[in-house]
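# Results of the structural survey
Residues per chain, in single letters:
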Amino acid sequence: MLERDEDQQKAMESIADILPVLHGILDEAVTFYFSSEYSDAARAEHSNTAAANCIYSHAEKRMIAAADVTPGLHPLKRRGLHVLNYRDTALARFKKVKPNGKHSNFQTKQQQDYDDQKPFPGFPEPAFRLTAGYHLDVSGSYLERIMIARPLGRNILWTAQVSMVDGMAQWEDITPKRFAGTEATDFDAKRARGASE
């Protein structure tokens, strides 16, 4: 049983020192993609998937550079899944997300395991498994917000918007409102995915 508010508070506290780093990685990756380094004509030929892949590639380069200079931060790659590990307390996966913090892409088994918060060989336990996401505006031409989300199966347990104010990272809960009594989540991966393992 996970209590959303308590889980969010603990997870965000665990990454408080690197929130500026996570924000910077995504902000710089998106800014670079929309800079003069790419022509308007080149971007016009990109599908949404191609644009997301380019931004992800830029974020990955910045992730590796940040890990080189940030104590306790290092990239992990296991079974094709790339994440940033902070002091074995939190893992962050970079994704393009929807306004609620949920990502959408082809779900591999390892992505499902990550989102289901399952134990994962080579990943520290019991580290929070988080999504560090960027959301573009409706036109898809500029960064609207950066978020940290806690996936839980096909859903999101909570979402926090991260902003930089006077050089300091701040976050606020932007989890979509739920019906009363649904704040606590009883999640079983097998039941949720409708398959036996």
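This text follows the structure it describes.
Residues numbered from 1 in each chain as written. Predicted model: local features only at pLDDT ≥ 70, side-chain atom pairs only at ≥ 80, totals over all residues. Heavy atoms only, no water.

## Brief notes about the side chain of His23
Short version of the rule: For helices the rule is a DSSP run of H or I covering at least 4 residues; for strands it is a run of E covering at least 2, with both sets numbered from the N terminus onward. Note on classification: 1.4 Å probe, protein chains only; a residue is buried when its accessible area is under 20% of the maximum for its type, exposed when over 50%, partly exposed between these limits. Whether two residues are in contact is decided by their heavy atoms, any of which lying within 4.5 Å being enough.
Structurally, His23 can be placed in helix 2 (residues 19-33). Taking the relative accessible area as the measure of exposure, His23 reaches 13% and is therefore buried. Not counting residues up to four positions away in its chain, the partners in contact with His23 are Ile146, Val162, Ser163 and Met164.

## Quick look at helix 4 (residues 48-69)
Because each turn of an α-helix spans 3.6 residues, side chains separated by three or four positions in sequence point in the same direction. Under the convention used in this document: Multiplying 1.5 Å by the residue count of a helix minus one yields the expected span of that helix.
Its 22 residues place the ends of helix 4 32 Å apart at the C-alpha level, agreeing with the 32 Å of an ideal helix rising 1.5 Å per residue. All buried positions along helix 4 are accounted for by Ala51, Ala52, Cys54, Ile55, His58, Ala59, Glu60, Met63, Ala66 and Ala67. As for helix 4, its buried residues are in contact with helix 2, strand 2 (73-78), strand 3 (81-86), strand 4 (90-96) and strand 5 (128-136).

## A closer look at helix 1 (residues 4-14)
Our working rule: The arc under discussion is defined with respect to the helix axis, by the directions toward the C-beta atoms.
Of all the positions in helix 1, only Arg4, Asp7, Gln8, Ala11, Met12 and Ser14 are classed as buried. An end-on view of helix 1 places all buried positions within 155° of arc, on one side of the element. Seen from the open side of helix 1, the exposed residues pointing more than 90 degrees away from its buried face are Asp5 and Glu13.

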